[in-house]
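# Topology and contacts: notes
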Amino acid sequence: MGTINYRAADVNGLKASYREAGRTDAPTLLLLHGFPSAGHMFRDLIPLLADRFHLVAPDLPGFGQSDLPTRHTFDNLAETIDHFTESIGLKRFAIYIFDYGAPVGLRIALKHPERISAIVSQNGNAYEEGLSDGWNPIRAYWENPSQANRDALRGFLKPETTISQYTHGVADATMVSPDGYSLDNFYLARPGADEVQLDLFGDYKSNVALYPAFQKYFRDHKPRLLAVWGKNDPFFLPRGAEAFKRDIPGALVRFFDTGHFALETHAAEIAAAIRDFLAT
């Protein structure tokens, strides 16, 4: 399965931690995690792909082992990861986008379409029809950024909420390792991490505002795209996966009977789908 190395890069004075595996001359897959996780969410996937691909999984600023950023916006996250890819010498690569990783990766694609060889979207949304009613409390904060609406979102940062994100929609919760959500809760408890996350909740409206630009990128550049979707995700609905076909007629869409963190239960199946997709 190859060796996994745990590294850190200096990106404009910010420590960006990442894990890396596979030969550097192999096709590269940049793995972009979501809330409230980090690069460790790919701990099961990486060994399944490292014989064939060069895999790089950074912790987004404010997540995992990476430093907390000074500006808590998705533009800033994308700018940092863009500079990160340049700092470690990535020239052309596929992106695996999940949750927050979707608006980060797609911003990079908008800026550097020539660098993106393919897209794997695992519950990485780019369409309004993909947003469930579970976003309503966060949407209320977008529309009225009052202190009361901000404080109402602190429940999303509670340990039991993290566990629920991992187990909701899973047929057998005993298949979900406690490792992932326990690490997420550890990192969420860092001083200042809560304010970073609340700022990002408020800034999520910038991602929705960019959906038309993302969709135009899909139409104009027709990137090869595979959607591998946990169909019981309470936040990003299957309609969001199907919508890719509207702008990329050749997009492949596969659903799995699991929830938001689909890799926790279906890493082997998703790895097989990626291998087939990137091999063609």
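As a reminder, the structure under discussion sits directly above these lines.
If you're wondering where the values come from, they're calculated on a predicted model, not measured in any experiment.

## Description of the overall build of the chain
Counting its secondary structure elements, the chain contains 11 helices and eight strands. With the C-alpha coordinates of the chain rotated into their principal frame, the extents come out at 50 × 40 × 40 Å. The buried share of the chain, taken over its 280 residues, is 56%. Taking as baseline every contact in the chain between residues at least 6 positions apart, the subset at least 24 positions apart corresponds to 76%. Element-wise, carbon and sulfur atoms account for 52% of the exposed surface of the chain, whose accessible area totals about 11,100 Å². Averaging the positions of the 28 positive and the 34 negative side-chain charges in the chain gives two centres separated by 5 Å.

## What about the packing of helix α6 (residues 159–167) against helix α7 (residues 178–188)?
At their nearest, the axes of α6 and α7 sit 9 Å apart, and the two run at 145 degrees to each other. Judged by the sense of rotation from one axis to the other, the crossing of α6 with α7 is right-handed. For the pair α6 and α7, contact is made by Pro159, Thr162, Ile163 and Tyr166 and by Gly180, Tyr181, Asp184, Asn185 and Leu188, respectively.

## Some details on α7
Since the α-helix turns once every 3.6 residues, residues separated by three or four places project in the same direction. The complete set of buried residues in α7 reads Gly180, Tyr181, Asp184, Asn185, Tyr187 and Leu188. On an axial view of α7, the arc spanned by its buried residues comes to 165 degrees, and they lie on one face. Buried-residue contacts for α7 involve α6 and α8 (193–221). The N-cap of α7, judged by a side-chain oxygen 3.0 Å from the amide nitrogen of Asp179 a few residues on, is Ser177.

## A word on the pairing of strand β7 (residues 225–230)
Here β7 lies mainly inside the structure; six of its six residues are buried. Neither face of β7 is open: one carries Leu225, Ala227 and Trp229, the other Leu226, Val228 and Gly230, and all of them are buried. As paired strands, strand β6 (residues 116–121) and β7 are joined by three bridges and run parallel to one another. Residue pairing across strands places Val120 opposite Leu226, the latter belonging to β7. Two elements, β7 and strand β8 (residues 252–256), share five bridges in a ladder whose sense is parallel. Bridge assignment links Ala227 to a residue of β8, and that residue is Val253.

## Quick notes on the packing of helix α4 (residues 136–143) against α8
Running from amino to carboxyl end, α4 crosses α8 at an angle of 85 degrees, the nearest separation of the two axes being 9 Å. Between α4 and α8, the interaxial angle falls into the category roughly perpendicular. For the pair formed by α4 and α8, the contact residues are Ile138, Tyr141 and Trp142 on the first element and Leu198, Phe201, Gly202, Tyr204, Lys205 and Val208 on the second.

## Focus on the packing of aromatic side chains
Going through the model one piece at a time under the given rule, you end up with 23 aromatic pairs. Taking 5.5 Å as the distance between ring centres and 90 degrees as the angle between the ring planes, the aromatic pair formed by Tyr127 and Phe244 counts as edge-to-face. Of this pair, Tyr127 sits in the loop between β6 and α4 while Phe244 sits in helix α10 (residues 244–247); the two residues are 117 residues apart in sequence, bridging distant segments of the chain. For the residue pair Tyr127 and Phe244, the accessibility class agrees, reading buried in each case. Arranged with centres 5.7 Å apart and planes meeting at 65 degrees, the rings of Phe156 and Phe201 form a pair that is edge-to-face. Residue Phe156 is located in the loop between α5 (147–151) and α6, and its partner Phe201 is located in helix α8; the two are separated by 45 residues in the primary sequence. A residue is classified by how much of its surface remains accessible, and Phe156, at 16% relative accessible area, is buried.

## Concerning the pattern of salt bridges
According to the stated counting rule, one finds 19 salt bridges in the structure shown. Between Asp220 and Lys216 there is a salt bridge whose closest N-O contact spans 2.5 Å. Pair noted here: Asp220 and Lys216 are both in helix α8, with a separation of four residues, about one helical turn. Given the relative accessible area of 48%, Asp220 is considered partly exposed. On the basis of relative accessibility, which here comes to 45%, the residue Lys216 falls in the partly exposed class.

Rules and cut-offs
- Residues numbered from 1 in each chain as written.
- Predicted model: local features only at pLDDT ≥ 70, side-chain atom pairs only at ≥ 80, totals over all residues.
- Heavy atoms only, no water.
- Helix = DSSP H or I, 4+ residues; strand = E, 2+ residues; numbered from the N terminus.
- Buried < 20%, exposed > 50% of the residue type's maximum accessible area, 1.4 Å probe, protein only.
- Contact = heavy atoms within 4.5 Å.
- Areas by Shrake-Rupley, 256 points an atom, 1.4 Å probe, with all protein chains shown as cover.
- Lys, Arg positive; Asp, Glu negative; His and termini not counted.
- Charge placed at Lys NZ, Arg CZ, Asp CG, Glu CD.
- Axes fitted to C-alpha atoms, helices over the stretch in contact; angles between N-to-C directions.
- Left-handed = near helix turned anticlockwise from the far one by under 90°.
- Arc of directions from axis to C-beta.
- Polar contact = N/O pair within 3.5 Å; in protein donor to acceptor, adjacent residues only side chain to side chain.
- Pairing = 2+ DSSP bridges.
- Parallel < 35°, antiparallel > 145°, perpendicular 65-115°, else oblique.
- Phe/Tyr/Trp six-rings, centres within 6.5 Å; stacked < 30°, edge-to-face > 60°.
- Salt bridge = Lys/Arg side-chain N within 4 Å of Asp/Glu carboxyl O.

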